[in-house]
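Chains, contacts and geometry: an overview
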Amino acid sequence: MGPAIARLAGLAAFAALAGLAFNAQTGLWVAAIGFGGLLIIHLSYASVLAAWLENPKLEDVPDGWGIWTDVFARLYRTRRATEQNERRLLDNEERFRRTISALPEGIVLIDGSFQIDWCNPVAEQHLGISLRADQGLRVTNLVRDPEFVGYMTSAHFEAPLVFQPMARPGLALEVRIVEFELTRSILITRDITQRERVDAVRRDFIANVSHELRTPLTVVNGFLEMLLDAQPENGATRQHHLQLMHEQAQRMHRLVEDLLTLSRLESRESLLADEVVDVRQLVREVADEARALSLGRHLIEVDLVPGFVLGSREELRSAFANIVSNAVRYTPSGGTIVLKWREDAGGGRFEVSDTGLGIAPEDVPRLSERFYRVDKSRSRETGGTGLGLAIVKHVLLRHGGYLDVQSEVGHGSTFAAVLPAERLVAKSETSVAVV
Ligand code: ADP
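Reading the values: rules and limits
- Per chain, residues are indexed from 1 in the order of the written sequence.
- Under the rules for a predicted model, residues below a pLDDT of 70 receive no local features and side-chain atom pairs below 80 are neither given nor counted, while totals for whole chains, interfaces and linings still include all residues.
- Hydrogens and waters are ignored; side-chain quantities use all the structure's heavy atoms.
- Only DSSP runs of H or I covering at least 4 residues are called helices, and only runs of E covering at least 2 are called strands; the numbering of each starts at the N terminus.
- Only protein chains enter the accessibility calculation, which uses a 1.4 Å probe; a residue is then buried when its area is under 20% of its type maximum, exposed when over 50%, and partly exposed in between.
- Whether two residues are in contact is decided by their heavy atoms, any of which lying within 4.5 Å being enough.
- For the area figures, the Shrake-Rupley method with a 1.4 Å probe applies, and any residue is considered shielded solely by the protein chains shown.
- Charge assignment in this entry is limited to Lys and Arg as positive and Asp and Glu as negative, and neither His nor the chain termini are counted.
- To locate a charge, take NZ of a lysine, CZ of an arginine, CG of an aspartate or CD of a glutamate.
- Between Lys or Arg on one side and Asp or Glu on the other, a salt bridge is scored when a side-chain nitrogen of the former is within 4 Å of a carboxyl oxygen of the latter.
- Each aromatic pair joins two rings of Phe, Tyr and Trp (for Trp, the six-membered one) with centres within 6.5 Å, and gets the label stacked for planes under 30 degrees apart, edge-to-face for over 60, and tilted for any other angle.
- It suffices for a single heavy atom of a residue to lie within 4 Å of a molecule or strand for the residue to be listed as near it.
- Polar contacts, as counted here, are pairs of nitrogen or oxygen atoms within 3.5 Å of one another; within protein the pair requires one atom able to donate a hydrogen and one able to accept it, and residues that are adjacent in sequence qualify only if both atoms are side-chain atoms.
- Each residue is assigned to one of three groups, with Ala, Val, Leu, Ile, Met, Phe, Trp, Tyr, Cys and Pro labelled nonpolar, Asp, Glu, Lys and Arg labelled charged, and all others, Gly among them, labelled polar.
- Strand pairing is assigned whenever DSSP identifies at least 2 bridges connecting the two strands.
- What counts as an axis is a line fitted to C-alpha atoms, over the stretch in contact for a helix, and the angles between N-to-C directions run from 0 to 180 degrees.
- Side-chain atoms within 4.5 Å are what join buried Ala, Val, Leu, Ile, Met, Phe, Trp, Tyr and Cys residues into a set we call a nonpolar core.
- Domain segmentation is taken from an automatic or database assignment of domains.
- Angle categories: roughly parallel below 35 degrees, roughly antiparallel above 145, roughly perpendicular from 65 to 115, and oblique for all the rest.
- Each helix crossing is assigned a hand: it is left-handed if the near helix lies turned anticlockwise from the far helix by less than a right angle, otherwise right-handed if that turn is clockwise.
- To estimate how far a helix should reach, multiply one less than its number of residues by 1.5 Å.

1. So, the overall build of the protein
Across its full length, the protein holds 14 helices and 12 strands. C-alpha atoms of the protein, sized along the principal axes, occupy 155 × 65 × 35 Å. When each of the 435 residues of the protein is scored for burial, the buried share is 36%. Counting only contacts in the protein whose residues sit at least 6 apart along the sequence, the fraction spanning at least 24 positions is 57%. A total accessible area of about 25900 Å² is found for the protein, and carbon and sulfur atoms account for 57% of it. Between the centroid of the 48 positive side chains of the protein and the centroid of its 57 negative side chains there is a distance of 2 Å.

Put into structure tokens, the structure is as follows:
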């Protein structure tokens, strides 16, 4: 402001001097021309400013003269601060959206009438909606499942809703509403398919175990009641009933033993033992047990090469014994069972072939499910718990191997426990290790 006043004062002084030097008229002319010139300069800068304000870009801020230099410099600084703030805001918003988009949950911002404001890609996937096509539409018009619409309109959001959207068969969703303003809410969706599946498996498992225990318990209870009955039984009947109760008690015992084995195998704490297992010796033991179980009804052959495996002797014994006892139990009298151990570059293979009932192809993938039985009555008659192959599968998994089943109905089956090459111990190493 100072220089501008000084400039005006200078001009007035110059006009006064001209008036004194010549005459008053000259002085007035000098003053008029000087002030008129200044006015034109200021008006032209005012119009430059008006033009810039129409489209205020930082790079177009004009240069000025006199007081306008200061005005334009201030404008430049203000504009630059505004642009920086705008950029920061945009960056923050972008980061916020990117963060929400990266969440594993689906997020939908909705207003009081359930209209979609914004949603992330996970919500699009879960609810079958599209931000681009459905922004501004009511979510209850797009997801029309009655439980969902009922939940949204109930206005009771203390507990989440669990439902299976019609548009996404097989998917189980948990939906929550968080009201954060009077007319705005966040709808959060979570994929709980896996959790629901695990719950279903647990429910099935408990139902199966209860069912397995109920039958023998009913038998034992029934006979106990008869024994307690006043009617005296003759010795032979009594012996027969005690025998039947004993069988049922053994059945329950086997079931509980198998359940404990499975739970031990599944628990993460139990580490795999690091023993050098002599497979030939192990298979011979298992074959002897099979002969005892068969009571001479089958021809049991053993065809082995020497082999040593790194792992748990007890677990491998249990897996091999389960496969072999199945072969005995599901092969009618007169059948042949062959036990083999083979090694090649791919690993080791304990193979049990039988000439038994065989299994239909659709049953093969389900054999190692707990309590899955192809032939229910034969399994129970022969003392099966329905858990044998589940144990085999777990043992092999823990050793990095797998169960391979080849079978033909009416012709027999071959069950092979396959172990990876890393588990095989070379003969030269075993002479030291086994001592
Ligand atoms: P289980 O105690 O019933 O034998 P497993 O888990 O050992 O239970 O076996 C599951 C089912 O697989 C059996 O119930 C039986 O139907 C079938 N199975 C297993 N091994 C054989 C085999 N060698 N031949 C025919 N069926 C078999």
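2. Considering the pattern of salt bridges
Tallying each qualifying case throughout the model produces 21 salt bridges. The closest approach of N and O atoms between Asp70 and Arg74, which form a salt bridge, is 3.6 Å. Within this pair, Asp70 and its partner Arg74 are both found in helix H3 (residues 67–102), separated by four residues, close to a single helical turn. Taking the relative accessible area as the measure of exposure, Asp70 reaches 40% and is therefore partly exposed. One salt bridge in this structure joins Glu315 and Arg398, with 3.1 Å as the shortest N-O distance. Here the residue Glu315 occupies a position in helix H11 (residues 313–329), and Arg398 occupies one in helix H13 (residues 388–398), the gap between them amounting to 83 residues. The two residues Glu315 and Arg398 agree in class, both being buried.

3. Regarding the packing of aromatic side chains
Two numbers describe a pair of aromatic rings. These are the distance of the centres and the angle of the planes. Counted according to the given criterion, the structure contains seven aromatic pairs. Considering the side-chain rings of Trp68 and Phe72, the 5.7 Å spacing of their centres and the 35° angle between planes classify their relative orientation as tilted. With Trp68 and Phe72 both in helix H3 and four residues apart, the pair spans about one turn of that helix. Here the two residues Trp68 and Phe72 agree in accessibility, since each one is buried.

4. Points about the site of the ligand
Asn326, Tyr330, Ser379, Gly386 and Leu389 are the nearest of the 20 residues found near the ligand. Within the side chain of Arg329, a nitrogen or oxygen atom sits 2.9 Å from an oxygen atom of the ligand. Within the backbone of Asp375, an N or O atom sits 3.2 Å from an oxygen atom of the ligand. Its free accessible area being 520 Å², the ligand has 98% of it covered by the protein chains. Counting only elements with at least two residues in the shell around the ligand, the list comes to H11, H13 and strand E12 (412–420). The leading source of residues in the shell around the ligand is H11, at three residues. A per-class count over the shell around the ligand returns nine nonpolar, seven polar and four charged.

5. Here we look at the sheet that holds strand E9 (residues 336–344)
What holds strands together in a sheet is hydrogen bonding between their backbones, with the strands either parallel or antiparallel. The mixed open sheet is built from five strands, whose spatial order is E7-E9-E10-E12-E11. Across the chains shown, the open sheet's two edge strands, defined by having one partner strand only, are strand E7 (299–304) and strand E11 (402–408). With direction set aside, neighbouring strand axes in the sheet form an average angle of 15°. With seven bridges connecting them, E11 and E12 associate as antiparallel partners. By the bridge assignment, Leu403 is partnered in E12 with Ala417. Of the strands in this sheet, E7, E9 and strand E10 (347–354) are in contact with helix H10 (residues 279–294), which crosses E7 at around 175°.

6. Observations concerning the nonpolar core
If you look at the biggest cluster of nonpolar residues, it comprises 43 residues, and the most contacted ones within it are Leu316, Phe320, Leu339, Trp341, Phe350 and Val352. Mapped onto this core, the elements with two or more residues apiece are helix H9 (235–266), H10, E7, H11, E9, E10, H13 and E12. Here the element with the most residues in this core is H11; it accounts for eight residues. For Phe320, the contacting residues outside a window of four places in its chain are Val279, Leu282, Val283, Val286, Phe350 and Ala417. With 26 residues, the next largest nonpolar core counts Phe148, Met152, Leu161 and Ile177 among its residues.

7. What about the domain arrangement of the protein?
Taken domain by domain, the protein comprises domain 1 (2–96), domain 2 (103–191), domain 3 (208–266) and domain 4 (275–434). Using C-alpha coordinates to define each centre, domain 1 is positioned 107 Å away from domain 3.

8. Considering the packing of helix H8 (residues 193–228) against H9
Relative to each other, H8 and H9 sit at 160°, their axes nearing to 9 Å. The angle between the axes of H8 and H9 places the two elements in the roughly antiparallel class. Handedness of the H8/H9 crossing: left-handed. Of the residues in the contact of H8 with H9, the class split is 18 nonpolar, three polar and three charged.

9. Describing H8
Along its 36 residues, H8 runs 51 Å from first to last C-alpha, staying within 8% of the 52 Å computed at 1.5 Å per residue. Looking only at H8, the buried set comprises Thr193, Val209, Glu212, Pro216, Val220 and Phe223. Where H8 is buried, its residues touch strand E5 (184–191), H9 and helix H12 (376–381).

10. Side note on the side chain of Ser312
Topologically, Ser312 is positioned in the loop between strand E8 (308–311) and H11. Residue contacts for Ser312: discarding those within four places in its chain leaves Leu272, Ala273, Glu275, Val277 and His399.

11. Section: the sheet that holds strand E2 (residues 116–119)
Read across the sheet, five strands follow the order E2-E1-E5-E4-E3 without closing on themselves; strand pairing throughout is antiparallel. Of all strands in the sheet, those with a lone pairing partner are E2 and strand E3 (161–163), marking the two edges. Adjacent strand axes in the sheet meet at a mean angle of 25° when their direction is disregarded.

12. Quick notes on the environment of Val283
Looking at the secondary structure, you find Val283 in helix H10. We classify Val283 as buried; its relative accessible area is 0%. Along the chain, Val283 and Ala327 lie 44 residues apart, while their C-alpha atoms are 14 Å from each other. With near-sequence residues (within four places) excluded, Val283 lies in contact with Val302, Leu304, Phe320, Leu339 and Phe350.

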